[in-house]
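What follows is each chain in one-letter form.
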Amino acid sequence: MLREKRLKKLQRRLSRKYSKERKQSKLYQSSNYHKARNRVARQHLKISRQREEHAKRVARCVIQSNDLVAYEDLKVRNLVLNHCLAKSINDAGWYQFRQWLERFGAKMGKITIAVPPHYTSQSCSNCGSIVKKSLSTRTHKCACGCELDRDFNAAINILKRGLSTVGHRGTWVNDPNDWGEGTSTFVGEILQEQVRSANQESPCLKTGECQP
Ligand SMILES: [Zn+2]
């Protein structure tokens, strides 16, 4: 937030240097105005780089410590249209985070699944019935006796949905050889690959060659 404070300060300075008269008489703004404008631009760049770094760091950590990652297939572009949420969503860098998650997943051979986001927070992770709640309701309380934090309940639903896709039909995950969008491989192939590499390792474990 420090950087954001600095940005606000720079923006205030910039607006003080703006001259309406110059604009009206179609003159170039003062050189001090342009210096200030440049400072604002550089601060914006710093903030966006910092955000990207953060998304990358967290995504790498999540992929390294899990074999399968399921997440909601959110349409960030639509969510941003909600003005109350727009700033927090952009600040959190959801879109970048998801992209890094998929990239690292493909690179490290982990499964990443985007699940449809419908009713993930409204349905009960224990019995499946719908429990309506607004965004400000932070706890999930169901008639079946299930009481959970709102986000924890949603997370269980997302994971369940992700696992059911893996079990029943082919789920598309990114091809490790292609970081671009669109190309995909079957989860089965990745799993087979993992089994193959496990088999290659097993004789070594049996004979104890790996142990010192
Ligand atoms: Zn329930």
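In this text, all values refer to a predicted model and were calculated from it rather than measured experimentally. (Residues numbered from 1 in each chain as written. Predicted model: local features only at pLDDT ≥ 70, side-chain atom pairs only at ≥ 80, totals over all residues. Heavy atoms only, no water.)

Protein coordination of the zinc ion is provided by Cys-124 (SG), Cys-127 (SG), Cys-142 (SG) and Cys-144 (SG), with donor distances spanning 2.2 to 2.3 Å. Classification of the site at the zinc ion rests on its four donor atoms, whose angles at the metal span 107 to 112 degrees, yielding the label tetrahedral. All donors of the zinc ion come from a single chain, and their spacing in sequence reads C-x2-C-x14-C-x1-C. Taken together, the positions of Cys-124 in the loop between β2 (111-115) and β3 (139-141) and Cys-144 in the loop between β3 and β4 (147-149) put the pair 20 residues apart, joining distant regions of the chain. (Donors = N, O, S within 2.8 Å, 3.2 Å for Na, K, Ca; no water. Tetrahedral: all angles 85-135°; square planar, octahedral: opposite > 155°, others 65-115°. Helix = DSSP H or I, 4+ residues; strand = E, 2+ residues; numbered from the N terminus.)

Take the side chain of His-140 next. The topology assignment puts His-140 in strand β3. Since its relative accessible area comes to 0%, His-140 is described here as buried. Only 3.1 Å separates the side chain of His-140 from the side chain of Lys-133, close enough to count as a polar contact. Beyond its immediate chain neighbours, meaning those up to four positions away, His-140 contacts Ser-123, Cys-124, Ser-125, Val-131, Lys-133, Cys-146, Glu-147, Leu-148, Asp-149, Arg-150 and Asn-153. (Buried < 20%, exposed > 50% of the residue type's maximum accessible area, 1.4 Å probe, protein only. Polar contact = N/O pair within 3.5 Å; in protein donor to acceptor, adjacent residues only side chain to side chain. Contact = heavy atoms within 4.5 Å.)

The next point concerns the pairing of strand β1 (residues 68-72). Where burial is concerned, the two faces of β1 differ: the one with Val-69 and Tyr-71 is buried and the one with Leu-68, Ala-70 and Glu-72 is not. Note: β1 against β2, five bridges, orientation parallel. Along β2, the bridge assignment pairs Val-69 with Thr-112. (Pairing = 2+ DSSP bridges.)

On to helix α6 (residues 94-107). With 14 residues, α6 extends 20 Å between its outermost C-alpha atoms, agreeing within 8% with the 20 Å of an ideal straight helix rising 1.5 Å per residue. Residues Trp-100, Leu-101, Glu-102, Phe-104, Gly-105 and Ala-106 constitute the buried set of α6. Just downstream of α6, Gly-109 is the residue with a positive phi angle, here 65 degrees. (Expected span 1.5 Å × (residues − 1).)

This part takes up the pattern of salt bridges. Here the structure, examined in full by the defined rule, presents five salt bridges. Among the salt bridges present, the one from Glu-4 reaches Lys-87, with a minimum N-O distance of 2.9 Å. Here Glu-4 is found in helix α1 (residues 2-17), whereas its partner Lys-87 is found in helix α5 (residues 83-92), with 83 residues between them in sequence. The class of Lys-87 is partly exposed, set by a relative accessible area of 46%. (Salt bridge = Lys/Arg side-chain N within 4 Å of Asp/Glu carboxyl O.)

Moving on, we come to the confidence of the model for the protein. With 78% of its residues at a pLDDT of 70 or more, the protein has an overall mean of 81. Every residue in residues 168-192 is under pLDDT 50, and counting partners more than four places away or in other chains gives 36 contacts. Counting contacts from residues 194-212, a segment whose pLDDT is below 50, to residues more than four positions away or on other chains yields three contacts. (pLDDT = per-residue confidence, 0-100.)

Among the secondary structure elements, Lys-110 is positioned in the loop between α6 and β2. Along the sequence, Lys-110 and Asn-66 sit 44 residues apart, while their C-alpha atoms lie 7.7 Å from each other. For Lys-110, the residues in contact, after removing those within four places along its chain, are Ile-63, Gln-64, Asn-66, Asp-67 and Gly-105. Only 3.1 Å separates the side chain of Lys-110 from the backbone oxygen of Asn-66, close enough to count as a polar contact.

The subject of this paragraph is the environment of Ser-134. Along the chain, Ser-134 turns up in the loop between β2 and β3. Along the chain, Ser-134 and Ser-121 lie 13 residues apart, while their C-alpha atoms are 9.7 Å from each other.

Another point: unusual backbone geometry. Note: most peptide bonds trans; most residues except glycine with negative phi. Positive phi outside glycine occurs at Lys-26, with the angle close to 55 degrees. The topology assignment puts Lys-26 in the loop between α2 (20-24) and α3 (31-64). Residue Lys-26 is classed as exposed on the basis of its relative accessible area of 77%. For Tyr-119, which is not glycine, the phi torsion reads 60 degrees and is therefore positive. Among the structural elements, Tyr-119 can be located in the loop between β2 and β3.

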